[in-house]
Amino acid sequence: MGYAMKTYLKLAWRNIWRNKRRTMITISAIVFAVMIAIIMQSVNRGSYEVMIDRMVSFNTGYVQIQDYRYKEESSLDNSFRYDDELREKVLNSDSRIDHIAPRIETFMLAANHMSTRGSIVFGKNPEKEKQFNDIENYLTEGRLFEMNEESAVIARGLANRLQLSVSDTLVLIGQGRFGMSASGLFEIVGILDHPVRQLNDNGVFMALDTAQYLLSADGYITGLIIAPRQERQTTAVASSLTDDLDGMELAVYTWPELLPELLELMEMDLATPRLLTFVLYVVIGFGFLGTILTMTLERMKEFGILLSVGMQRLKLAMVLFIEMLFISILGVVIGMAAAWLILVLIDPIVLTGDAAQAVIDMGYDPIIPMSFAADQFYRQGLFVFLIAVAVFIFPLLKISRLNILDAARA
Amino acid sequence: MAIVQTKNLSKVYNPDTVPVHALRDVSISIEKGEFTSIVGPSGSGKTTLLNMLGGLDKPSSGSVWVNGKEITSMKESDLIDFRLYNIGFVFQHYNLIPVFTAHENVSFIMLLQNRSKKEIKERADELLEEVGLGDRKNARPVEMSGGQQQRVAVARALASEPKFILADEPTANLDSTSAMNLLDIMSRMNREQNVTFVFSTHDQRVIDRARRVITMVDGAIHKDEYQNVEETKTG
């Protein structure tokens, strides 16, 4: 940083402390707004993030390849062939791909000796699945299936409804690929409390090759789940895959494309805190404007003198803008730090009594987790910066229209 | 060559309503090294003339030439730069930057001229020594007396190495000792470094020290005379 810029920064920094009380009040208002905005959003987003995280790691994956018709019509007829060639092609498509896992998924009837329930049957490779999630930890009874094993693991909800337990036999009845009859008996080797509520109610999990055989779909899968090395690489990886798989009748989706309803629900829920945040910022914006208004008007003479002695209006405006940035940055940083500290202290909010029971009955943990998503922090900085830019219009106009003599006589 | 020159300079305020003739056809020429006082009663046009010389105000007619360049037709941004390199200002109320120390106030003008850090520091030190404030360089304006602040203002005006210095009533807010002290400094700089000073003043002490006295009445030059000055050191 040059000597001149250092001096301008020093000038701006000292100027904001010419009236300590006023600056402290303005900064406090920004701190308060930023803190409240972050906490409101964090509380609202926390639960959704847990849901989304579970859906992504236990169900959709960050990126998923499907037959191009499967999203519209989720039928085994719209499965696609998965062989070594495709596996290599996908793995070589982008160096940011960390691991992949093939899956087959279909709707079937699950039955015991007396009753029948609808279920979603997943054929998975247990070794590859372990790279995506810690599903084994959710086993409450028994063990996970192995490849080539004629067995199944069922979700707790389904087990309860069918009154099945480990070592019992599960009957699956349905339709395989291209209308082939699909039915079989499977020993239940494990029961798990699936973290995704819907899957806990009706999930059946078995080895991929076992499921493919059951569904007359040898070598076919309905989805190839892909994990990039880092979450932020999701879109880039999807884009590479889309290019490389062009012409193969395959479609590549990112998780937001596969979970639009959940995201919409979250956005709707966030509308209220966003509106409150907007109102809060409007109020803070006027407070900020008041400070800048006073800071500008009480220094008109000084500005006139600076222009007289040879300071260009642009440099003068720059110093004023730096002053506003200092106030904004201080407010935002302290506000973010305070919000983060409060979130760390209260995370998670543990529900008790009837509220807790109501949440448990809905299939969720009785806690309200806080979100620590980076964007809800830096967005507040962006909002305050935008307010500062808007407020800056006033001193900018004043400086651009400043009559040196009138100002110097002020 | 004249350092500063005006040709038929006139200024009329409110020309469309109640015209006030602040300057009437003023033509003067100030040579390098002059120590000039512009005197006259209130409303005689001293400050208006000074503002015109400094390029702070535009005339209704006529022109101002500084170091051979006509400044009356310059664009404002060019004029600001021109002032920065050619004209030094000393104001009645000192007008230092309150959050800067004496040293920083003097340095700031040179910084606007994009001089090197080393050069700025050395020259600011040197100028503060010259005005007798070498030991107060880290004091802020609020920590200094009026006389000290005005001496910093003189050092600031000199820092940019201007062609001439305009001083508007520089002693008006100073006690007698401080005023004489300031005049000593300015006289010495004029004498030793050939710095050109132009004052507007009511102060007889300043008038007595000026080698040229321009008297204005009703916006016109009434008298323009040179006088012998006995150099005395006071304070």
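This text goes with the structure placed above it.
Rules used throughout
- Residues numbered from 1 in each chain as written.
- Chains lettered and ligands numbered in written order.
- Predicted model: local features only at pLDDT ≥ 70, side-chain atom pairs only at ≥ 80, totals over all residues.
- Heavy atoms only, no water.
- Helix = DSSP H or I, 4+ residues; strand = E, 2+ residues; numbered from the N terminus.
- Rg over C-alpha atoms; globule rule 2.2 N^0.38 Å.
- Buried < 20%, exposed > 50% of the residue type's maximum accessible area, 1.4 Å probe, protein only.
- Contact = heavy atoms within 4.5 Å.
- Areas by Shrake-Rupley, 256 points an atom, 1.4 Å probe, with all protein chains shown as cover.
- Lys, Arg positive; Asp, Glu negative; His and termini not counted.
- Charge placed at Lys NZ, Arg CZ, Asp CG, Glu CD.
- Axes fitted to C-alpha atoms, helices over the stretch in contact; angles between N-to-C directions.
- Left-handed = near helix turned anticlockwise from the far one by under 90°.
- Nonpolar A, V, L, I, M, F, W, Y, C, P; charged D, E, K, R; others polar.
- Buried area = accessible area lost by both parts, 1.4 Å probe.
- Salt bridge = Lys/Arg side-chain N within 4 Å of Asp/Glu carboxyl O.
- Core = buried A, V, L, I, M, F, W, Y, C linked by side-chain atoms within 4.5 Å.
- Pairing = 2+ DSSP bridges.
- Right-handed = clockwise from strand over helix to strand, strands pointing away.

Draft legend 1. Local environment of the overall build of chain A. Looking only at helices and strands, chain A has 15 helices and 14 strands in total. Computed over C-alpha atoms, the radius of gyration of chain A comes to 30 Å, more than 25% over the 22 Å expected from 2.2 N^0.38 for 410 residues, which places it beyond the range of a compact globule. Within the span of chain A, comprising 410 residues, buried residues form 50% of the whole. Residue pairs in contact within chain A that sit at least 24 positions apart in sequence constitute 78% of those at least 6 positions apart. For chain A, the accessible surface area stands at approximately 19,500 Å², while carbon and sulfur atoms represent 58% of it. Of the charged side chains in chain A, 36 are positive and 46 negative; the average position of the first set lies 19 Å away from that of the second.

Draft legend 2. Focus on the overall build of chain B. Helices and strands together make up the secondary structure of chain B, namely 7 helices and 11 strands. Taken over the C-alpha trace, chain B has a radius of gyration of 17 Å; the compact-globule value for 235 residues is 18 Å, and the two agree within 12%. Taking the principal axes of its C-alpha atoms as reference, chain B extends roughly 50 × 40 × 35 Å. Here chain B holds 235 residues, and the buried ones make up 58% of them. Across chain B, every contact between residues at least 6 apart in sequence was considered, and the portion connecting residues at least 24 apart equals 69%. Carbon together with sulfur atoms contributes 47% to the accessible area of chain B, which is approximately 9,800 Å² in total.

Draft legend 3. Structural view of the packing of helix α10 (residues 260–297) of chain A against helix α12 (residues 313–346) of chain A. Residues and elements named next belong to chain A. Following both chains from N to C, one finds α10 and α12 inclined at 145 degrees, their axes separated by 12 Å at the closest point. Remark: the crossing between α10 and α12 carries right-handed chirality. Each of Phe 288, Ile 292 and Met 295 in α10 lies in contact with α12, whose residues at this interface are Glu 323, Met 324, Ile 327 and Ser 328. Of the residues belonging to the contact of α10 with α12, the class tally is 5 nonpolar, 1 polar and 1 charged.

Draft legend 4. Seen up close, the interface of chain A and chain B. Opposite the 24 residues of chain A that make contact, chain B presents 29 residues. Overall, the association of chain A and chain B removes approximately 2,400 Å² of surface from exposure, summing both partners, and the carbon and sulfur fraction of that is 65%. On inspection of chain A and its partner chain B, the count reaches 3 salt bridges. Put simply, Glu 104 of chain B and Arg 14 of chain A hold a salt bridge, and the shortest N to O gap is 2.5 Å. Take the side of chain A that touches chain B: its biggest share by element is 8 residues, from helix α1 (residues 3–16) of chain A.

Draft legend 5. A look at the nonpolar core. Residues Phe 288 of chain A together with Leu 49, Leu 53, Val 106 and Phe 108 of chain B are the most contacted members of the largest nonpolar core, which totals 126 residues. Here this core gets 11 residues from one element, more than from any other, and that element is α12 of chain A. Residues in contact with Leu 53 of chain B, not counting those within four places in the same chain, are Val 4, Thr 6, Ile 38, Val 64, Val 66, Ile 71, Ile 87, Phe 164, Leu 166 and Val 198 of chain B.

Draft legend 6. Geometry of the sheet that holds strand β11 (residues 220–226) of chain B. All names here are of chain B. Spatially, β7-β8-β9-β4-β10-β11 is the arrangement adopted by the 6 strands of the open sheet, whose pairing is mixed. Here the strands that pair on one side only, and so sit at the sheet edges, are β7 (87–90) and β11. Between one strand and the next, the sheet's axes are offset by a mean angle of 20 degrees, whatever the strand orientation. In the sheet, strand β4 (residues 35–39) pairs with strand β9 (residues 196–201) via 5 bridges, with the strands oriented parallel. Counted as the bridge partner of Ser 37 is Phe 199 from β9. Contacts between helix α2 (residues 76–86) and the sheet are confined to β7 and β8 (164–168), with β7 contributing the most and set at about 80 degrees to the helix. Helix-sheet contacts for helix α6 (residues 176–193) involve β4 and β9, and the interaxial angle to β9 is about 145 degrees.

Draft legend 7. Inspection of the environment of Arg 161 of chain A at higher detail. Its location among the elements puts Arg 161 of chain A in helix α5 (residues 156–162). Placed 40 residues apart in sequence, Arg 161 of chain A and Asp 201 of chain A show a C-alpha to C-alpha distance of 8.6 Å.

Draft legend 8. Fine view of the environment of Ala 124 of chain B. All names here are of chain B. Note that Ala 124 resides in helix α4 (residues 117–130). We classify Ala 124 as buried; its relative accessible area is 0%. For the pair formed by Ala 124 and Ser 107, sequence separation is 17 residues and the distance between their alpha carbons is 5.7 Å.

Draft legend 9. How the structure looks around the pairing of β9 of chain B. All names here are of chain B. Burial of β9 is extensive: 6 of the 6 residues sit out of reach of the surface. With burial as the criterion, each face of β9 is covered, one bearing Thr 196, Val 198 and Ser 200 and the other bearing Phe 197, Phe 199 and Thr 201. With 5 bridges connecting them, β8 and β9 associate as parallel partners. Bridging across to β9, Ile 165 finds its partner in Phe 197. Tracing the backbone out of β8, into α6 and back to the parallel element β9 gives a crossover that is right-handed.

Draft legend 10. Inspection of unusual backbone geometry at higher detail. Asp 347 of chain A connects to Pro 348 of chain A through a cis peptide bond whose omega is -15 degrees. Structurally, Pro 348 of chain A can be placed in the loop between α12 and β13 (349–350). Look at Asn 8 of chain B: it is not a glycine, yet its phi comes out positive at around 45 degrees. In this fold, Asn 8 of chain B is placed in strand β1 (residues 2–13). Looking at Asn 8 of chain B, the relative accessible area reads 42%, which means it is partly exposed.

Draft legend 11. Molecular detail of the pattern of salt bridges. Inspection of the entire model under this criterion finds 35 salt bridges over all chains. For Arg 209 of chain B, the salt bridge identified is with Asp 184 of chain B, shortest N-O distance 2.6 Å. With a gap of 25 residues between them, Arg 209 of chain B in helix α7 (residues 204–209) and Asp 184 of chain B in helix α6 connect regions that are remote in the sequence. For the pair shown, Arg 209 of chain B and Asp 184 of chain B are each scored as buried. Note that Glu 192 of chain B is salt-bridged to Arg 188 of chain B, the shortest N-O span being 3.9 Å. Here Glu 192 of chain B and its partner Arg 188 of chain B are both found in helix α6, 4 residues apart, which amounts to about one turn of the helix. Glu 192 of chain B gets classed as exposed once you look at its relative accessible area, which sits at 55%. Shared partners join several salt bridges into a network, and the residues in it are Arg 18, Arg 299, Glu 302 and Glu 323 of chain A.

Any functional reading would require information that these geometric values do not contain.
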